[in-house]
Amino acid sequence: MATRIDDEYQALKRSVHLYVIERLDDEGLEMDRADRSQITRLIQASVDQYVANHKIPMASSDHAVLVREMVDEVLGFGPLEPLLADPQINDILINGARNVFVEIAGVLQRVQTRFVDDDHVLRVIRRILAPLGRRLDESSPMVDARLPDGSRVNAIIPPIALDGPSMSIRKFNSKHLTAAELVNLGSMTNDCLTLLTGIVEGRRNLLVSGGTGTGKTTILNLLSAFIPKDERIVTIEDSAELQLNHPHIVRLETRPANAEGTGRVSARDLVVNALRMRPDRIIVGEVRSGEIIELLQAMNTGHEGSMSTIHANTAKDALIRIETLLAVNGYDAGEQAIARLIGSSLDVIVQLARLPNGRRLVSEVVALKPTKANPYRMETLYRSREIEWAELEGTDS
Ligand SMILES: Nc1ncnc2c1ncn2[C@@H]1O[C@H](COP(=O)(O)OP(=O)(O)OP(=O)(O)O)[C@@H](O)[C@H]1O
Ligand SMILES: [Mg+2]
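From a predicted model like this one, the values you see are computed outputs, not experimental measurements. Residue positions within a chain follow its written sequence, with the count starting from 1. Each chain gets a letter, beginning with A, and each ligand a number, beginning with 1, in the order they are written. Since the coordinates come from a predicted model, pLDDT governs what is reported: local features require at least 70, and pairs of side-chain atoms require 80 or more to be given and counted, while whole-chain, interface and lining totals use all residues.

1. Focus on the overall build of the protein chain
Part 1 of the argument: Segments assigned H or I by DSSP are reported as helices when at least four residues long, segments assigned E as strands when at least two residues long, and all are numbered from the N terminus. The secondary structure content of the protein chain amounts to 13 helices and 14 strands.
Part 2 of the argument: Residues counted as buried form 31% of the 397 residues belonging to the protein chain.
Part 3 of the argument: For the purpose of contact definition, each residue receives a C-beta atom placed from its backbone, and two residues are in contact when these atoms lie within 7 Å. Contacts in the protein chain between residues at least 24 apart in sequence constitute 53% of all its contacts with a sequence separation of at least 6. Exposure classification rests on a simple neighbour count of other C-beta atoms within 10 Å of a residue's own: a residue reaching 20 or more is buried, one at 12 or fewer is exposed, and one in between is partly exposed. C-beta atoms are placed from the backbone.

Structure follows, in structure tokens:
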């Protein structure tokens, strides 16, 4: 029953939308020029007219919702508008017209938001991408883009996406969490914070490791703030997210290939270039590929205190992932040489985790203390009590 009513409403919306567009066309408004309030008034009048013409019984609150949805449709990103505007929402995930999820405070939940159909989803995706000059069609069915406000968007469409056009939006958070906020949230203790401050001031080479959305960028941003003000920093990111409050910083951003397939500037190119810019420290937003080679070498040769993040669920996994990245990107050396490079470059891994209730925290901080026998010997400098409890509970059940 619920879905029938829902379908009826979607059908109504589609008809009203067509009607509204016709009316706006009749008015001959130049959409780019006309001001928002003028268009809003016209949409309001068109909805009134439609509802009256078709004698649709409607509560005034529903009527207001319908008008707002039409305004969002005509001027914005349709059903996504309220989600984009809600500061509580970090991620918006659309799996076809009927399945929309958001993440609030670390917990994924399904929302009532609906698109009329898959074409509608596609229209909204295209509208988001159009001003960015990115295209999405059968020949290039997936695209990564960044909105003017810094939010990151990935879209992928059929036939590659089997259940309709899908889009993932990570909203840009203009304010990274502060140290005090992270302590208040229980994401780290004061002791942990003191430890990390000392590690950064002591110019240890460091990786922040964690799964998707565990807060790697947030922690990297926080740690960068502890870098003494007289040092020169070069940052390298795929999409500039770091907001370092530091007087001496050069920010570099990678660039994907253009439509002709040329012009790509990779993170690896940028690390190589950064080394010629006389930085004290290099900060790479996230190592995902060949840049790991130059970053580890830089850490080893006068750029101590360099930092990055890596996608891994444990500190041990982070090391394995580095080995893999080295191997697949042509670092052609024996197992021992690889272990030596890693062991001599990297000093500390800050591991992040997300608890089942959505809370994110620093689960442990480990120092890499290689010996001849064990190049990956690790010493725990900090370990979250909560993780221990969570693990205990895990073994009970
Ligand atoms: N300790 C925390 N407690 C609550 N929310 C947090 C915490 N750390 C980060 N967040 C929020 O979680 C979202 C993701 O954080 P962030 O971008 O730092 O994660 P990430 O691990 O870098 O993600 P990705 O894997 O996409 O790069 C942001 O909206 C951020 O504000
Ligand atoms: Mg990140």
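2. Quick notes on the sheet that holds strand 9 (residues 249-253)
Part 1 of the argument: Two strands qualify as a pair provided that DSSP identifies no fewer than 2 bridges between them. With mixed pairing, eight strands are arranged side by side in an open sheet as 9-8-10-11-7-12-13-14. Strands with a single pairing partner mark the edges of an open sheet, and in this sheet they are strand 9 and strand 14 (378-383). Sheet twist, expressed as the average angle between the axes of neighbouring strands with direction ignored, equals 20°.
Part 2 of the argument: Examined bridge by bridge, strand 7 (residues 206-210) and strand 12 (residues 348-354) share four bridges and lie parallel to one another. Looking at the pairing, L206 lines up with V348 of strand 12.
Part 3 of the argument: With respect to the sheet, helix 9 (residues 267-275) is in contact with strand 8 (233-237), strand 9 and strand 10 (281-284), its orientation differing from that of strand 8 by roughly 170°. The angle between two axes is taken between their N-to-C directions and runs from 0 to 180 degrees, where each axis is a line fitted to C-alpha atoms and a helix contributes only its stretch in contact.

3. Focus on the pairing of strand 13 (residues 360-368)
Part 1 of the argument: When you tally the buried positions in strand 13, you get eight out of nine residues, the bulk of the element.
Part 2 of the argument: Where strand 12 and strand 13 come together, seven bridges link them in antiparallel fashion. By the bridge assignment for strand 13, V350 is matched with V365.
Part 3 of the argument: Following strand 12, the chain reverses through five residues before pairing antiparallel with strand 13; G358 in that reversal takes a positive phi of roughly 100°.

4. Quick look at the sheet that holds strand 3 (residues 107-111)
By way of backbone hydrogen bonds, the strands of a sheet pair with one another, either parallel or antiparallel.
Part 1 of the argument: The strand order across the open sheet built from six strands is 3-2-1-6-5-4, with neighbouring strands paired in antiparallel fashion. The two strands at the open ends of the sheet, each matched to only one other strand, are strand 3 and strand 4 (142-146). Ignoring strand direction, the axes of neighbouring strands in this sheet form an average angle of 15°.
Part 2 of the argument: Note: strand 1 (residues 89-95) against strand 6 (residues 166-170), five bridges, orientation antiparallel. Residue I94 lies in a different strand from strand 6, and its bridge partner there is M167.
Part 3 of the argument: In this fold helix 5 (residues 118-129) packs onto strand 1, strand 4, strand 5 (152-156) and strand 6, with an angle of close to 135° to the strand it touches most, strand 5.

5. Thoughts on the site of ligand 1
Part 1 of the argument: Around ligand 1 there are 17 residues in total, and S187, G215, K216, T217 and T218 lie nearest to it.
Part 2 of the argument: With three residues, the top contributor of residues to the shell around ligand 1 is helix 8 (residues 216-224).
Part 3 of the argument: For the shell around ligand 1, the class distribution of residues is three nonpolar, 11 polar and three charged.
Part 4 of the argument: Both domain 2 (76-173) and domain 3 (179-396) contribute no fewer than three residues apiece to the shell around ligand 1. Only the C-beta atom matters for this test: placed from the backbone, it must lie within 6 Å of a molecule or strand for the residue to be near it. Polar here means any residue outside two lists: the nonpolar Ala, Val, Leu, Ile, Met, Phe, Trp, Tyr, Cys and Pro, and the charged Asp, Glu, Lys and Arg; Gly therefore counts as polar. Note that the domain bounds were set by an automatic or database domain assignment.

6. As for helix 3 (residues 60-75)
Because the α-helix completes a turn every 3.6 residues, residues three or four places apart line up on one side.
Part 1 of the argument: By definition here, a helix of n residues has an expected span of 1.5 Å times n minus one. Taking 1.5 Å of rise per residue, the 16 residues of helix 3 would be expected to cover 22 Å, and the 22 Å separating its terminal C-alpha atoms lies within 8% of that figure.
Part 2 of the argument: Buried residues of helix 3: L66, V67, E69, M70 and E73, and no others. Burial along helix 3 is one-sided: seen end-on, the buried residues are contained in an arc of 165°. Exposed residues lying more than 90 degrees from the buried face of helix 3 are S60 and S61. The arc in question is the one spanned by the directions pointing from the helix axis to the C-beta atoms.

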